[in-house]
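Here's the letter readout for the chains.
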Amino acid sequence: MLILGIETSCDETAAAVVEGKGERIEVLSNVVSSQIEIHKKYYGVVPEVAAREHVLNILPVIDEALQKAGIAREEAAKKIGAMAVTAGPGLITSLIVGVETAKTLACVWKLPVVAVNHIEGHVCANFIAAEKMKYPAVILTVSGGHTLLALMKKAGSLKIVGDTRDDAAGEAFDKAAKLLGLGYPGGPAVSKAAAGFNGEKTVSLPRPMIDSGDFDFSFSGLKTALLYKIKKDESWADRVPEYCHEFQRAVIETLVAKTLKAAKKYGAKTMMLAGGVAANSALREEFAAAADRQGLVYKIPDLKYTTDNAAMIAAAGYLKAKKKRFVPWARLKANPNLEL
Ligand code: KG4
Ligand code: ZN
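The numbers attached to residues start from 1 for each chain and follow its sequence in the written order. All chains are assigned letters beginning with A, and all ligands numbers beginning with 1, in the order in which they are written. Thresholds applied to this predicted model are a pLDDT of at least 70 for local features of residues and 80 or more for the giving and counting of side-chain atom pairs; totals over whole chains, interfaces and linings are not thresholded and use all residues. To obtain the side-chain values, all non-hydrogen atoms of the structure were included, while hydrogens and water were left out.

Caption draft 1: View of the pairing of strand 8 (residues 158-162). Following DSSP output, two strands are said to pair if at least two bridges run between them. Secondary structure elements follow DSSP: runs of H or I no shorter than four residues count as helices, runs of E no shorter than two count as strands, and numbering proceeds from the N terminus. The sheet contact formed by strand 7 (residues 147-152) and strand 8 spans four bridges and is antiparallel. Bridging from a neighbouring strand, Leu 149 pairs with Gly 162 of strand 8.

Dropping the structure here:
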């Protein structure tokens, strides 16, 4: 079955076609039009501007995804089995563009539609071209809006066991980058600067809630700790790589330690990583090494499916379509606070 996926929850306009056959999901096309260059000067996403860009980009992006998958526009209605669209969580002004476009196409092409939760989409990036999973799995989802630990006892069933109490991990990277005078998005900028540090460590930041006994996270204090450190350090501007390195280590050590604890508590066989922060190479390495040490299987999405894309949404859509979890197009609604 071919699924056309659409994602517009934040600042990427994305469309993809995946083919699902039994347990196997293959990507036929994956098109992402990023607005990063436009939002850079504001150090964050401006919802009004994002919405306008989505409106301008959505049809060309869908058209390109169909073309790259070898589907002529006039055959789309016949060849595609279902549409999958991100219904939330995200920015309402952005979500609504994807949702209304999916509704229009579903109505005209007479196709069934699946509403996908964006976080579920990130998790399902791990199911693309994947071998059979071993359950239970503990999943760490780290993005600009979320830091979640979830338990999956069988394919598709997600139960949250830990959440962030304030800033998400990606948001923490973005705020740290801003404090240190680096660009947006902060994650890649901090990670690049951190890679340039190989001296002896002189700065020390806290590992927030690392021993809290639960699986929740809190990163806003870490950002404040960084702010106080640089305020007291007249030469901080000369030591940005070291600050980035220590900040990144503090985030990674906390994330990995809590994931390991959750894996132990729930008897997990697999540790899974998902979300935009999963693009961080130090986190990918540390996550894999920790799972190896613990004798667990680990799953980390291919780099191109870590930050927002529609292949992950189509993959999640396929798993739902298999169970016939369709929504009549007229009832499909964008929900900025959609829960898992
Ligand atoms: O999943 P995503 O694309 O969008 C949301 O759903 O939020 O995640 C974006 C977040 C941003 O905060 C960005 O700074 C972070 O992922 N990010 C990274 C890296 N690449 C993206 N964080 C750390 N290291 C990276 N290499
Ligand atoms: Zn995302």
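Caption draft 2: Local environment of the coordination of the zinc ion (ligand 2). Donor atoms are limited to N, O and S found within 2.8 Å of the metal ion, a distance that becomes 3.2 Å for Na, K and Ca. With water left out, some sites might look partial. For the zinc ion (ligand 2), the full set of protein donor atoms is His 118 (NE2), His 122 (NE2) and Asp 308 (OD), at a range of 2.0 to 2.1 Å. Along the chain, the residues donating to the zinc ion (ligand 2) fall in the pattern H-x3-H-x185-D. Here the residue His 118 and the residue His 122 both occupy positions in helix 5 (residues 118-124), the gap between them amounting to four residues, near one helical turn. Taken as a pair, His 118 and His 122 share a single burial class, namely buried. Relative accessibility thresholds used throughout: buried, under 20% of the residue-type maximum; exposed, over 50%; partly exposed, between the two (1.4 Å probe, protein chains only).

Caption draft 3: Region of interest: the layout of surface pockets. Within this model, the largest pocket holds a volume of roughly 1000 Å³. We place a 1 Å grid over just the protein atoms. Points where a 1.4 Å probe fits but has no way out form a cavity, open points with protein on both sides within 12 Å along at least 5 of 7 lines form a pocket, and any residue with an atom within 4 Å of a point lines it. Around the largest pocket, the lining is made up of 36 residues, and of these Ser 143, Gly 144, Gly 145, Asp 174 and Tyr 184 lie nearest the centre. Secondary-structure elements contributing two or more residues to the lining of the largest pocket are helix 5, helix 6 (169-179) and helix 7 (186-195). Considering every element that reaches the lining of the largest pocket, the biggest residue donor is helix 6, with six residues. Classification used: nonpolar for Ala, Val, Leu, Ile, Met, Phe, Trp, Tyr, Cys and Pro, charged for Asp, Glu, Lys and Arg, polar for all others including Gly. Here the residues of the lining of the largest pocket are counted per class, giving 12 nonpolar, 16 polar and eight charged. Grid points are joined across faces, edges and corners, and a volume is the space filled by probe spheres set on the points. When its volume is computed, the second largest pocket comes out at roughly 370 Å³. Looking at the lining of the second largest pocket element by element, the count peaks at four residues for helix 11 (residues 311-322).

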